[in-house]
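Here's the letter readout for the chains.
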Amino acid sequence: MKHRHSMRKLGRTSSHRWALLRNLVSQLVQHERLETTVPKAKELRRVADNMVQLGKQGTLAARRRAAGVIHGDENLHKVFSELAFRYKDRAGGYTRVLATRVRQGDAAPMAFIEFVDRPNELRESKPPCPPPPPRIPLPPWLQSRHARQWAPMSSGL
């Protein structure tokens, strides 16, 4: 059973895996596009989106949590200033993974991972979805089947 096993192991120990992801997310913040294998890109997407989310929070606690993952003060500053401003209206999906080729030496599937809404991106991003319209709340006697037996007779049920 795969309960509570959320990350790919990538053939590495836990410390080696986190060191790899920290290096990749730091390079992604610096260059805004990387080419890596597809499983690494999919794991990097989770970590990078979390770092942008911390940058949007902008608190001291969020900055300290991000500093535990991102290498370099200039990369940390870029997350909390440039990327946080760029994605202030977007609710998620800050990165995209695009499959590119098969690596010649070991036939590993390769992919680009990049931030969306940036200049020179490989594919145009879709605009952020507008929030859904607010729903009209139901009266309390219609919220559950059990409560319907106590509903007034005029409700039409």
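See the structure shown above.
Quantities reported herein were computed from a predicted structural model and do not represent experimental measurements.

Draft legend 1. Highlighting the sheet that holds strand β2 (residues 95–102). Here three strands make up an open sheet; going across it, the order is β1-β3-β2 and the pairing antiparallel. Bordering the open sheet on either side are β1 (33–37) and β2, each of which pairs with just one other strand. Taken over all neighbouring pairs, the strand axes of this sheet differ in orientation by 25° on average, direction set aside. As paired elements, β2 and strand β3 (residues 109–115) share six bridges and run antiparallel to each other. Bridge pairing links V102 to P109 in β3. Here helix α1 (residues 14–31) sits on the sheet and contacts β1, β2 and β3; the angle it forms with β1, its principal contact strand, is near 145°.

Draft legend 2. Layout of the environment of A107. As for its placement among the helices and strands, A107 is situated in the loop between β2 and β3. You can call A107 exposed: its relative accessible area is 51%. Spatially, the C-alpha atoms of A107 and A48 are 26 Å apart, while their sequence positions differ by 59 residues.

Draft legend 3. Spotlight on the layout of surface pockets. Here the largest pocket is characterised by a volume of approximately 250 Å³. Lining of the largest pocket is provided by 14 residues; of these, R90, G93, V116, S125 and K126 occupy positions nearest its centre. Residues that form the lining of the largest pocket fall into these classes: five nonpolar, four polar and five charged.

Draft legend 4. Representation of the packing of α1 against helix α2 (residues 38–57) within the structure. One can describe the packing of α1 onto α2 by two numbers: an axis separation of 9 Å at closest approach and a directional angle of 65°. Relative to α2, the element α1 is oriented roughly perpendicular. Where α1 crosses over α2, the two elements pack in a sense that is right-handed. Taken together, the residues of α2 that come into contact with α1 (itself represented by W18, L20, L21, L24, V25 and L28) are K40, E43, L44, V47, A48 and M51. A class-by-class count of the residues in the contact of α1 with α2 yields 10 nonpolar, no polar and two charged.

Draft legend 5. Region of the structure containing helix α4 (residues 73–86). Compared with the 20 Å implied by 1.5 Å per residue over 14 residues, the 19 Å span of α4 between its first and last C-alpha is a close match. The largest bend in α4 comes to about 35°, at V79. Looking only at α4, the buried set comprises N75, L76, K78, V79, F80, L83 and A84. Those residues of α4 hidden inside the fold are in contact with α1, α2, α3 (60–67) and β3.

Rules used in this analysis
Residues numbered from 1 in each chain as written. Predicted model: local features only at pLDDT ≥ 70, side-chain atom pairs only at ≥ 80, totals over all residues. Heavy atoms only, no water. Pairing = 2+ DSSP bridges. Helix = DSSP H or I, 4+ residues; strand = E, 2+ residues; numbered from the N terminus. Axes fitted to C-alpha atoms, helices over the stretch in contact; angles between N-to-C directions. Contact = heavy atoms within 4.5 Å. Buried < 20%, exposed > 50% of the residue type's maximum accessible area, 1.4 Å probe, protein only. 1 Å grid on protein atoms, 1.4 Å probe; cavity = no way out; pocket = protein on both sides within 12 Å on 5 of 7 lines; lining within 4 Å. Points joined across faces, edges and corners; volume = space filled by probe spheres on them. Nonpolar A, V, L, I, M, F, W, Y, C, P; charged D, E, K, R; others polar. Parallel < 35°, antiparallel > 145°, perpendicular 65-115°, else oblique. Left-handed = near helix turned anticlockwise from the far one by under 90°. Expected span 1.5 Å × (residues − 1). Bend = angle between axes of the 7 residues up to and from the residue.

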